[in-house]
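Structural overview for review
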Amino acid sequence: MSHLVITRSDLIYSNKISRANNWPRHFKDHDFEDITKFDKRQEWPIHFSIKMRPHCWRILFEHANGELYQLDIPNTIYEKLKLNLEEEVKPIVYN
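Read on for a plain summary of the structure. (Residues numbered from 1 in each chain as written. Predicted model: local features only at pLDDT ≥ 70, side-chain atom pairs only at ≥ 80, totals over all residues. Heavy atoms only, no water.)

**Regarding helix α1 (residues 8–20)**
Residues three or four positions apart in an α-helix share a direction because the helix packs 3.6 residues into each turn. In a regular helix each residue adds 1.5 Å, so 13 residues correspond to 18 Å; α1 covers 19 Å between its end C-alpha atoms and thus fits that length. Where α1 is concerned, the buried positions are R8, D10, L11, S14, N15 and S18. Seen from one end, α1 has its buried residues packed into an arc of 160 degrees, which puts them on one side. Residues of α1 that are exposed and angled more than 90 degrees away from the buried face: K16 and A20. Against β1 (2–7), α2 (29–32), β2 (43–53), β3 (56–62), β4 (68–74) and α3 (75–79) lie the buried residues of α1. At the C-terminal side of α1, N22 shows a positive phi close to 60 degrees. (Helix = DSSP H or I, 4+ residues; strand = E, 2+ residues; numbered from the N terminus. Expected span 1.5 Å × (residues − 1). Buried < 20%, exposed > 50% of the residue type's maximum accessible area, 1.4 Å probe, protein only. Arc of directions from axis to C-beta. Contact = heavy atoms within 4.5 Å.)

Now the structure itself:
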């Protein structure tokens, strides 16, 4: 089974855009600080996505702790998300 993944840099950038535009699904600094502890090559699987507004998509992604989180991401990021095959899933890498 294949699925979309979002990289660490795209996740951080998307959250900044989401907060700046006051989109409903974003993280506050204290909720998001552990993302910086992950390796720059880290990818998170996206389980669901839906077009919410003309300029953004809402994604449901799985964090390393197994919990699911929602984030509104800009179209530019959504359009460049990578599709991974099940065999290509990499283990979580902490710095």
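**What to know about the pattern of salt bridges**
Side chains that differ in charge, positive against negative, can pair when their charged atoms come close. Inspection of every chain in the model, using the stated rule, returns 4 salt bridges. Between D39 and R41 there is a salt bridge, with its nearest N and O atoms 2.7 Å apart. According to the relative accessible area criterion, D39 is buried, its value standing at 13%. Relative accessible area serves as the criterion here: at 63%, R41 is assigned to the exposed category. One salt bridge in this structure joins R58 and D72, with 2.7 Å as the shortest N-O distance. Here the residue R58 occupies a position in strand β3, and D72 occupies one in strand β4, the gap between them amounting to 14 residues. Among the residues examined, R58 registers a relative accessible area of 13% and is labelled buried. Taking the relative accessible area as the measure of exposure, D72 reaches 0% and is therefore buried. (Salt bridge = Lys/Arg side-chain N within 4 Å of Asp/Glu carboxyl O.)

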